[in-house]
Amino acid sequence: DLTEQGEAFLARVAALDADIRPIFDRQDGRKKTLVKLSGGHWTLHALSGHISQISRASPDAMLRLMSATDYLRINHREAIIGIRNQRPEKGGLAGRRTGIIHFAGYAVDTSVRGWIRVASKAPSARWLAAQQDADIVIEANAPRLAYDLARQGIGKVVLPCFIGDRDPELVKVHSNIADLRHEQWLVCHDEDRFIPAVRRVLDATYEALASIARS
């Protein structure tokens, strides 16, 4: 018989296993594997434009997109796939580098002086908070809200270049910020990556992220 600690551990393992078991899809009557994909706000915003291709490449997967500033623990199956800003260092995780991400300051035109600060723990928010000479004109609690304010001419905003460079209503008013430049990695549990549906999502997501990073 299992001890009380053993019973608790077995229950935890069963809960983790349930996270990646097939689920019933009411739309087509088939069972699909739930694949929880986590990433930062802007990464998933850009990736949303490629979701139809990812879904077509992995018809046996039910995608759940999870936008989070804090890392969801892949080794605990809080997410099955994570888009991260560094190579995975913990054991049991596998990673694939997708490219380099750059950040810069954007506004509607070069006459805009003040900054819009996002009240969060994101690296871009911490960078702006560390700029002692930055004139903060307004704060927002969400990246998308800060972006919308910048598009109205309220102030400058720090954005990943794959977002700012593609917006015809914004121009780059601050050069690329070296302190925010980072690698991007697609990370998965070393065992889960061999599940067919997860493998297909990984491959299709890699192609999409690599395309975004190159553009």
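Above this note sits the structure.
Residues numbered from 1 in each chain as written. Predicted model: local features only at pLDDT ≥ 70, side-chain atom pairs only at ≥ 80, totals over all residues. Heavy atoms only, no water.

A tally of helices and strands in the protein yields seven helices and 11 strands. Scored against the burial criterion, the 215 residues of the protein give a buried share of 41%. In the protein, of all internal contacts separated by at least 6 residues, the share reaching a separation of at least 24 is 73%. Accessible area of the protein: about 12000 Å², with a carbon and sulfur share of 49%. (Helix = DSSP H or I, 4+ residues; strand = E, 2+ residues; numbered from the N terminus. Buried < 20%, exposed > 50% of the residue type's maximum accessible area, 1.4 Å probe, protein only. Contact = heavy atoms within 4.5 Å. Areas by Shrake-Rupley, 256 points an atom, 1.4 Å probe, with all protein chains shown as cover.)

A few words on helix α5 (residues 143–151). The set of residues buried in α5 consists of Ala146, Tyr147, Leu149 and Ala150. Buried residues in α5, looked at end-on, bunch into an arc of 160°, giving them a common side. Against α2 (41–47), β7 (115–118), β8 (136–140), β9 (157–160) and α6 (161–164) lie the buried residues of α5. (Arc of directions from axis to C-beta.)

Right, let's get into the sheet that holds strand β10 (residues 171–174). Backbone-to-backbone hydrogen bonds join strands into a sheet, with any given pair of strands oriented parallel or antiparallel. Ordered by their spatial adjacency, three strands build an open sheet running β9-β6-β10, and the pairing between neighbours is antiparallel. Every interior strand has two partners, whereas the edge strands, β9 and β10, have only one. Adjacent strand axes in the sheet meet at a mean angle of 60°, parallel and antiparallel pairs treated alike. Bridging between strand β6 (residues 103–107) and β10 involves three bridges; their strand directions are antiparallel. Each bridged residue has a counterpart across the sheet, and for Gly105 the counterpart in β10 is His174. (Pairing = 2+ DSSP bridges. Axes fitted to C-alpha atoms, helices over the stretch in contact; angles between N-to-C directions.)

Now for the packing of aromatic side chains. Counting across every chain of the model gives two aromatic pairs. Between Trp42 and Tyr147, the ring centres sit 5.2 Å apart and the planes meet at 70°, which makes this aromatic pair edge-to-face. You can see Trp42 sitting in helix α2 and its partner Tyr147 sitting in helix α5, a full 105 residues away along the chain. For the pair formed by Trp42 and Tyr147, the shared burial category is buried. On the numbers, 6.2 Å between centres and 75° between planes, the contact of Trp115 with Trp127 is edge-to-face. Of this pair, Trp115 sits in strand β7 while Trp127 is found in helix α4 (residues 123–129), placing the two residues 12 residues apart along the sequence. Each member of the pair, Trp115 as well as Trp127, carries the same accessibility label: buried. Here the basic side chain of Arg96 rests over the ring of Tyr206, its NZ or CZ set 3.5 Å away from the ring centre. (Phe/Tyr/Trp six-rings, centres within 6.5 Å; stacked < 30°, edge-to-face > 60°. Lys NZ or Arg CZ within 6 Å of the ring centre and 35° of its normal.)

The next subject is a nonpolar patch on the surface. On the surface, Val137, Ile138 and Ile154 cluster together into a nonpolar patch covering about 210 Å² of accessible area. Its location among the elements puts Val137 in strand β8. (Patch = residues over 30% accessible without salt bridge, like charges linked within 9 Å, V, L, I, M, F, W, Y side chains within 5 Å. Salt bridge = Lys/Arg side-chain N within 4 Å of Asp/Glu carboxyl O.)

A few words on the nonpolar core. When a protein is soluble and globular, its nonpolar side chains tend to lie buried together. Grouped together as the largest cluster of nonpolar side chains are 27 residues, with contacts concentrated most on Val158, Leu159, Phe162 and Ile163. Of all the elements in the fold, those that place two or more residues in this core are α2, β6, β7, α4, α5, β9 and α6. Sort the elements by how many residues they give to this core and α5 lands first, with four residues. In this structure, Ile163 is in contact with Trp42, His45, Ala46 and Tyr147, ignoring residues within four places of it in sequence. Counting residues in each nonpolar core, the second largest holds 21 residues, with Ala61, Cys188, Ala197 and Leu209 among its members. (Core = buried A, V, L, I, M, F, W, Y, C linked by side-chain atoms within 4.5 Å.)

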